[in-house]
Amino acid sequence: MEKVLDVMMLGQVRFHELSMRGRVVLSQLPFNVMLLLVCAIAAIADASVFTDPGFLIGQGIALVILILSFALPWDRLPYGLFLVLPILDFVPIGILHYSNADSLRGLNLLAVLPIMWLAGSGFRPRIMVPIGGLASLLIVWVPHFIDGTATPRTLAAEVLIPFMLFSIGIGTSVMTLSAMAQQERVEELLRRSETRERLLDTVLETVDVGVLVLDEEGQSAFMNAKQRQLYVAALPEGVPTDREEALLVFREGSEDPVPPDERVLRRAKAGETVEHEVFRLGRGAEARTVSISARPFDDAAGQRAGTVLASADVTDVVAAVHARDKFLAAMSHEFRTPLTNILGYAELLQDEETLSPAARSDLQIMTRNARHLNHMVDGILAAALTGDEAAAIRLPLDLSELVRQAGDSSGPEAAGRAIMLNVSTDGPLPVLGDRTGLVRVLDNLVSNALKYSASGTTVTLTAAAEGRWAVCTVRDQGFGIAAEDLKRVFTRFQRSDAAVRSGVPGTGLGLALAKEVAERHDGELECTSEVGVGSVFTLRLPLRVPPTWSAPKR
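Chemist: Teacher, can you tell me more about the side chain of Asn 444 here?
Modeler: Inspection of the secondary structure assignment puts Asn 444 in helix H15 (residues 435–451). The contact partners of Asn 444, leaving out residues within four places of it in the chain, are Gly 510 and Leu 511.

Right under this line is the structure:
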């Protein structure tokens, strides 16, 4: 009963949340309230109606119907049986109309309440609406048949109000069926939405990627189990904290904590998009290396709704990258440099006139095998550049240091060819990149400059900052590249006609791979050349500098 009263007072409880008994009572109650109002009007207009048997019988039947709505267990009875009550309501309406039509006019209009109940139930509307219309017609026609005044004229005069009530029933039925169809559609959408939400929750808890969702105020709205695990790894030992600036977050290869303004969480709250930045969380054996991405998202209205952060645990991958870099560094420097020296001295020995035929033959075998081994090293290094997995892991590097190492590595080859190799760097040039790929690019550019330069010339290797770029240039005084060949210098397996005529061995693959590596690092590799003067290859990579942020526009 309390819930019924709450619905009547437009409270928190909704009609469809009531039990079947509560809905039946609430549907019947307005009719009985209207009959109480009729009693109040009768007391003012004509108190003699209270002595009229028809008035008392009609009120009594209506009261019995209300009691039945309370008493019967409608939840256990067949659905639709409750519509017997609005049909029975026509009985007291008919009695009241017949016995008090002269003193209380318009009592037949009370039929609008049972008609709306029948039509608004949505149960068998093609049957219930006509029943209501017929019952309202009988209310006004039956008295004429009882009194013997039923003529076509008197009956026709009473048709208007029943027809109006019937029209109300049709309108109510149409609106009810439309509302029921809409409600069914909404419920279906809610079920689908709930299913998708459960699926999404299951997926987010299953994937081996930490996911953190921030709302539009920058507060945590969702964090899956993997993200909580990574969060624990960043907590100082024995110090529970929810302050982001207190977490142990480091750039890979550094022991200095990342300043709060440079941390991904702070930048994500400011609306910045972050792509695969690598950080180390925590210290010691329990530390984890993660690749973090962040991206804001909008709601259906296009307004900023929050940010999603994804943290992939790449601890094992980074360890493998470091191991690979050490191995390839050994291949490139510790192994390739001695091979270059062996080949250089072997070529010098072949010019020795006092060499016996047998010694010269042995020297040729040694040279051929050294060249074969050198090609194998080149092939291994080239294969290391074609994998996308390594390129996805970008670690802090100093391009100036890589340029100096490339100069040191190519020094013996330059000396063997009597070429002056000048190296000039302009302070540290911090970048984020794949060490193996960038080392191979620099080695390829310097090696090409030496191969296509004559003895007595100079190859210049420089590194400097230009705006937001770290720029490395390799300038030679070789025979240059013609304009028609310059257009396809970075095409795979393409070599210029001059390079082919020179007899210098090559596959035409090195520069193509070098350009791909530069582009994977969001950089550029360009070439300018003039025949007979030389070539200049320019590598540009984005500098890694602390960015500045501003609050996102709303």
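Chemist: Would you mind going over the nonpolar core with me for this structure?
Modeler: Across soluble globular proteins, nonpolar side chains have a tendency to be buried as a group. Of all hydrophobic cores here, the largest spans 37 residues; its most connected members are Leu 399, Leu 442, Cys 472, Val 474 and Leu 539. For this core, the secondary structure elements donating two or more residues are helix H14 (399–416), H15, strand E10 (458–466), strand E11 (469–475), helix H18 (510–520), strand E12 (524–530) and strand E13 (534–542). Looking at this core, the element that brings in the most residues is H15, giving eight residues. If you look at the next biggest cluster of nonpolar residues, it comprises 31 residues, including Val 24, Ala 62, Leu 110 and Met 128.

Chemist: I keep staring at the pattern of salt bridges and nothing clicks. Help me out?
Modeler: Should their charged atoms come close, side chains of opposite charge can pair. If you walk through the whole model with that rule in mind, you get 15 salt bridges. In this structure, Glu 277 engages Arg 251 in a salt bridge whose closest nitrogen and oxygen atoms are separated by 3.4 Å. Separated by 26 residues along the polypeptide, Glu 277 in strand E4 (residues 274–281) and Arg 251 in strand E3 (residues 249–251) bring together distant segments of the chain. Overall, Glu 277 belongs to the buried group, its relative accessible area being 14%. Taking the relative accessible area as the measure of exposure, Arg 251 reaches 12% and is therefore buried. Of the charged contacts, one joins Arg 267 and Glu 277 as a salt bridge, the two residues approaching to 2.7 Å between their closest N and O atoms. With Arg 267 in helix H10 (residues 264–269) and Glu 277 in strand E4, the pair connects residues that are ten residues apart, well separated along the chain. A residue is classified by how much of its surface remains accessible, and Arg 267, at 2% relative accessible area, is buried.

Chemist: I would appreciate a short explanation of the sheet that holds E11 in the present structure.
Modeler: Strand-to-strand pairing in sheets goes through backbone hydrogen bonds, with the strands running parallel or antiparallel. Strand order in the open sheet made by the five strands is E8-E10-E11-E13-E12, with mixed pairing throughout. Since the sheet does not close on itself, it has two edges, and those belong to strand E8 (420–425) and E12, each with one partner. Sheet twist, expressed as the average angle between the axes of neighbouring strands with direction ignored, equals 15°. Direction of pairing for E12 relative to E13: antiparallel, over a ladder of seven bridges. Following the sheet pairing, Glu 526 is matched in E13 by Thr 538.

Chemist: What am I meant to see in the sheet that holds strand E5 (residues 288–298) here?
Modeler: The strand order E2-E1-E6-E5-E4-E3 describes an open sheet built from six strands, whose pairing is antiparallel. For this open sheet the edge positions go to strand E2 (220–223) and E3, each flanked by a neighbour on one side alone. Going from strand to strand, the sheet's axes swing by 30° on average, the running direction of each strand aside. Pairing analysis gives six bridges linking E4 to E5, with the strands arranged antiparallel. When the sheet's bridge partners are listed, Leu 281 is paired in E5 with Arg 288. Sheet contacts for helix H9 (residues 225–234): strand E1 (209–215), E2, E4, E5 and strand E6 (304–313); angle to E1, the most-contacted strand, approximately 90°.

Chemist: Would you mind going over unusual backbone geometry with me for this structure?
Modeler: Glycine aside, residues mostly have negative phi, and peptide bonds are mostly found in the trans state. The backbone phi angle of Arg 124 is positive, close to 45°, even though this residue is not glycine. Relative to the helices and strands, Arg 124 is located in the loop between helix H5 (112–120) and helix H6 (125–147). Since its relative accessible area comes to 53%, Arg 124 is described here as exposed. Positive phi, normally seen in glycine, also occurs at Asp 522, with a value near 60°. Inspection of the secondary structure puts Asp 522 in the loop between H18 and E12.

Chemist: What is the right way to read the packing of helix H3 (residues 53–71) against helix H4 (residues 84–100) from this model?
Modeler: How two helices sit against one another is set out by the angle between their axes and by the gap between those axes. Where H3 meets H4, the axes come as close as 8 Å, and the angle between the chain directions of the two elements is 165°. Taken together, the axes of H3 and H4 lie roughly antiparallel to each other. Viewed along their axes, H3 and H4 form a crossing whose handedness is left-handed. Of H4, the residues touching H3 (which contributes Gly 54, Phe 55, Ile 57, Gly 58, Gln 59, Ile 61, Ala 62, Ile 65, Leu 68 and Ser 69) are Leu 85, Leu 88, Asp 89, Val 91, Pro 92, Ile 95, Leu 96, Ser 99 and Asn 100. Split into classes, the residues belonging to the contact of H3 with H4 amount to twelve nonpolar, six polar and one charged.

Here is what the cut-offs are and how they apply
- Residues numbered from 1 in each chain as written.
- Predicted model: local features only at pLDDT ≥ 70, side-chain atom pairs only at ≥ 80, totals over all residues.
- Heavy atoms only, no water.
- Helix = DSSP H or I, 4+ residues; strand = E, 2+ residues; numbered from the N terminus.
- Contact = heavy atoms within 4.5 Å.
- Core = buried A, V, L, I, M, F, W, Y, C linked by side-chain atoms within 4.5 Å.
- Buried < 20%, exposed > 50% of the residue type's maximum accessible area, 1.4 Å probe, protein only.
- Salt bridge = Lys/Arg side-chain N within 4 Å of Asp/Glu carboxyl O.
- Pairing = 2+ DSSP bridges.
- Axes fitted to C-alpha atoms, helices over the stretch in contact; angles between N-to-C directions.
- Parallel < 35°, antiparallel > 145°, perpendicular 65-115°, else oblique.
- Left-handed = near helix turned anticlockwise from the far one by under 90°.
- Nonpolar A, V, L, I, M, F, W, Y, C, P; charged D, E, K, R; others polar.

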